[in-house]
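# Breakdown of the fold
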Amino acid sequence: MRVALLGGGTVGAAVARALLQHPDRYAARLGAPVELLGVAVRDTTRVREGIPADLLTDDPHALAQDADVIVELMGGLEPAGELIEAALRRGAQVVSANKQLLTRRGVELQALAQEHGAGLHHEAAVMAAVPVLAVVRESLAGDEITRIRGIVNGSTNYVLDLVAREGVPFADAVRQAGELGYLEADPTEDLEGLDAAAKIALLARTAWDVPAPPDEVDVTGISGLTDADFAAAAEQGGVLKLVASAERGADGAVRCAVRPEVLPAEDPLARTRGGTNLVELDTVLAGPVTLVGAGAGGDETASAVLGDLVRAGLAVARR
């Protein structure tokens, strides 16, 4: 099973190490040895722990051409989009954690995969180690989901939790989160709610088979919050959280939103700590279903990527 890994950052390196350190595990699960053809990176001179230098390449196009499974962890719209499209057109299996690309082109790329007998797997794009897409798509396939509600961005939850529990001023909490790596150097996507909007759009698309474009999500981030907002929430006995929600109305229309909300202290979302993610699925038959776990981190996200890789590999074996 020939695997091309496009991207050698935190998550990509964790995926590569798992494949290289545990070949017997993946061979047993797939019924065939896994060959990591290479890891496409921007800088091949940079040392990456656990990844032999001879596996590094700066030519993702050449690397992807010979693979049965392409794992795209580059991020961004291009060249990731063209690489995925080319792989699907030749019938390959693709694994991606690229939420922004998938929210914009996911419907098109899934149609392309179906047309060419390929596959597009993206569990890691929503809640990292929490297998929410698999639950929505497979475990609850015989039920009807009516509402999705949750905390799907661990970075902003870490900031809000720091303010609420430790009384750290909001601006200082944002700075500390950046220093600890919870926020990117440019934290716009997290703080403005764009990351959460992409995730709730993907969840709505999976639950109800609707396009759910991200620009139709009603988004308000946390960048405009002040210390006075946190004080007012505390006076009410509540907790400020960035809540992502999607609901299908009686008319069949799906409405998605991301906004700060003051929640009662006993609400499960209010009790969600640090970088943890939690999502509640309201269903007709099963009632409320709650999933909770690590929503970010290299190893945690690699867990979801590797799960998709195994599913993709099994699809290749069945052909």
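What you see is a predicted model, and the numbers here were worked out from it, not measured in a lab.

### A word on the pattern of salt bridges
Any two side chains of opposite charge can pair, on the condition that their charged atoms come close. The final tally for this structure, using the stated rule, is 18 salt bridges. Where Arg311 meets Asp308, a salt bridge forms, and the shortest distance between an N and an O atom there is 2.7 Å. Separated by three residues within a single helix, Arg311 and Asp308 lie in helix H13 (residues 298–318), roughly one turn from each other. What makes Asp308 buried here is its relative accessible area of 2%. Residues participating in the shared-partner salt-bridge network are Glu78, Glu85, Arg89, Arg105 and Glu108.

### Quick look at empty space enclosed by the protein
Scanning the model with the defined rule gives one cavity of 30 Å³ or more in all. Approximately 40 Å³ is the volume attributed to the largest cavity. Around the largest cavity, the lining residues are Ile151, Val152, Asn153, Thr156, Asn157, Leu160, Ala196 and Leu242. With three residues, the top contributor of residues to the lining of the largest cavity is helix H8 (residues 154–166).

### Here we look at the layout of surface pockets
Considered as a void within the structure, the second largest pocket measures approximately 460 Å³ in volume. Of all the secondary-structure elements, those providing two or more residues to the lining of the second largest pocket are helix H5 (99–115), strand E6 (119–121), helix H7 (132–139), helix H11 (194–208) and H13. For the lining of the second largest pocket, the leading source of residues is H5, giving four residues. In terms of residue class, the lining of the second largest pocket is made up of seven nonpolar, five polar and seven charged.

### Let's talk about the sheet that holds E6
In a beta sheet, neighbouring strands pair by backbone hydrogen bonds and run either parallel or antiparallel. Sheet architecture is open: six strands sit in the order E3-E2-E1-E4-E5-E6, paired in parallel fashion. Looking at strand neighbours, the two that pair on one side only are strand E3 (56–57) and E6, the edges of this open sheet. One ladder, built from five bridges, connects strand E1 (residues 2–6) with strand E2 (residues 35–40); its direction is parallel. From the neighbouring strand, Ala4 faces E2, where its bridge partner is Gly38. Helix H4 (residues 80–89) rests against E1, strand E4 (69–72), strand E5 (93–96) and E6 of the sheet, and its axis sits at about 155° to E5.

Basis of the calculations
- Residues numbered from 1 in each chain as written.
- Predicted model: local features only at pLDDT ≥ 70, side-chain atom pairs only at ≥ 80, totals over all residues.
- Heavy atoms only, no water.
- Salt bridge = Lys/Arg side-chain N within 4 Å of Asp/Glu carboxyl O.
- Helix = DSSP H or I, 4+ residues; strand = E, 2+ residues; numbered from the N terminus.
- Buried < 20%, exposed > 50% of the residue type's maximum accessible area, 1.4 Å probe, protein only.
- 1 Å grid on protein atoms, 1.4 Å probe; cavity = no way out; pocket = protein on both sides within 12 Å on 5 of 7 lines; lining within 4 Å.
- Points joined across faces, edges and corners; volume = space filled by probe spheres on them.
- Nonpolar A, V, L, I, M, F, W, Y, C, P; charged D, E, K, R; others polar.
- Pairing = 2+ DSSP bridges.
- Contact = heavy atoms within 4.5 Å.
- Axes fitted to C-alpha atoms, helices over the stretch in contact; angles between N-to-C directions.

Read these as spatial facts, not as claims about activity.
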